[in-house]
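Report on the structure
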Amino acid sequence: VSAATCNRELACLRHILRLAVEEGLRESAPLVKLYKEHGARDRVLSEDEYQRLLEASSPHLRRVILCGYETGMRAGEIKRLTWDKVDFKTGFIRLLAGDTKTDEKRAIPISVALQATLEEIRKEQREGKVAPIGGYVFPWKGKPMTEGWKTAFHAACRRAGIENFHFHDLRHTFVTRKVREG
């Protein structure tokens, strides 16, 4: 069991003990120390790796990767992205609080590369090349994406010769690129 798993349970225990003090069931709560966690990832994709990853990916996966690379959105946010959240007029993707892990709404700028990709997807959906379902931006075979895309992502990483890279690391890559750009 990892330190993070133990910490979740210890944090729960600590909370219960504090509630017992607040309710007058205990005079004080014992000190509950958490373990030091070493799980922080800081993997960033180089420009060369990014290009190799795109080349090794199927067209559909390539678009999902580009969205993550250009926006820093989480995989779940991308999978559940619907057209009503894409505002071409102002150039933003507008996620509501319920759309995000942190329950905070966000406005994400649409880059030139992402805009071209989104317009291409929209055109294909309107022409019937890709069956739209529920307004999803990135449907797979006419249905919302499921967890199967992760297998395709890891296979593309292997084909591109990229090791120790997770889809979530695209968020780190996005932030690092933006900091470097000022």
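For the structure itself, consult the block above.
Since the model is a prediction, treat every value here as computed from it, not as a measurement. Just so you know, the residues in each chain are numbered from 1, in the order the chain's sequence is written. In keeping with the model being predicted, local features are shown solely for residues with a pLDDT of at least 70 and side-chain atom pairs are shown and tallied solely at 80 or more, while totals for entire chains, interfaces and linings include all residues. Side-chain numbers here rest on the full set of heavy atoms in the structure, without hydrogens or water.

**Re the pattern of salt bridges**
Each salt bridge in this description consists of a side-chain nitrogen of Lys or Arg and a carboxyl oxygen of Asp or Glu lying within 4 Å of one another. This model, assessed by the stated rule, comprises 12 salt bridges. Where Asp 48 meets Arg 52, a salt bridge forms, and the shortest distance between an N and an O atom there is 2.6 Å. Of this pair, Asp 48 and Arg 52 are both found in helix α2 (residues 47-56), four residues apart, which corresponds to roughly one turn of the helix. Relative accessible area decides the class of each residue, using a 1.4 Å probe on protein chains only: under 20% of the type maximum gives buried, over 50% gives exposed, and in between gives partly exposed. For Asp 48, a relative accessible area of 47% corresponds to the partly exposed category. Secondary structure elements are defined from DSSP: runs of H or I of at least 4 residues count as helices, runs of E of at least 2 residues count as strands, and each element is numbered from the N terminus.

**A closer look at the side chain of Thr 71**
By secondary structure assignment, the location of Thr 71 is in helix α3 (residues 59-71). A polar contact of 2.5 Å, which involves the side chain of Thr 71, links it to the backbone oxygen of Cys 67. Residue contacts are counted whenever heavy atoms from the two residues lie within 4.5 Å of one another. Once you skip the residues sitting within four places of it in the chain, Thr 71 turns out to touch Ile 93, Ile 108, Pro 109, Leu 114 and Phe 174. For this analysis, a polar contact is any N or O atom pair within 3.5 Å, provided that within protein one partner can donate a hydrogen and the other can accept it, and provided that sequence-adjacent residues contribute only side-chain to side-chain pairs.

**Comments concerning the environment of Lys 89**
Along the chain, the position of Lys 89 falls in the loop between β1 (86-87) and β2 (92-95). When its relative accessible area of 83% is taken as the criterion, Lys 89 is described as exposed. Separated by 62 residues in the primary sequence, Lys 89 and Glu 27 place their C-alpha atoms 60 Å from one another.

**Remarks on the side chain of Thr 100**
In this fold, Thr 100 is placed in the loop between β2 and β3 (106-109). Among the polar contacts listed, one links the side chain of Thr 100 to the backbone nitrogen of Asp 103, at a separation of 3.1 Å. Polar contacts involving the side chain of Thr 100 include one to the main-chain carbonyl oxygen of Glu 104, which spans 2.9 Å. Ignoring anything within four residues of it in the chain, the contact list for Thr 100 reads Glu 77, Leu 95 and Arg 106.

**Side note on the packing of α2 against α3**
Think of each axis as a best-fit line through the C-alpha atoms, taken over the contacting stretch in the case of a helix, with angles from 0 to 180 degrees between the N-to-C directions. The interhelical angle for the contact between α2 and α3, taken along N-to-C directions, is 155 degrees, at an axis separation of 9 Å. If you check the angle between α2 and α3, you find them roughly antiparallel. Along this stretch, α2 crosses α3, giving a crossing that reads as right-handed. Note on element contacts: α3 touches α2 through Arg 62, Ile 65, Leu 66 and Tyr 69, opposite Glu 47, Tyr 50, Leu 53, Leu 54 and Glu 55. Gly counts as polar in this scheme, as do all residues outside two lists: the nonpolar Ala, Val, Leu, Ile, Met, Phe, Trp, Tyr, Cys and Pro, and the charged Asp, Glu, Lys and Arg. Residues of the contact of α2 with α3, tallied by class, amount to six nonpolar, no polar and three charged. Geometric relationships in this document are graded by angle, where less than 35 degrees denotes roughly parallel, more than 145 denotes roughly antiparallel, 65 to 115 denotes roughly perpendicular, and other angles denote oblique. By the definition used in this description, the sense in which the near helix is turned from the far one sets the handedness, with an anticlockwise turn below a right angle giving left-handed and a clockwise turn giving right-handed.

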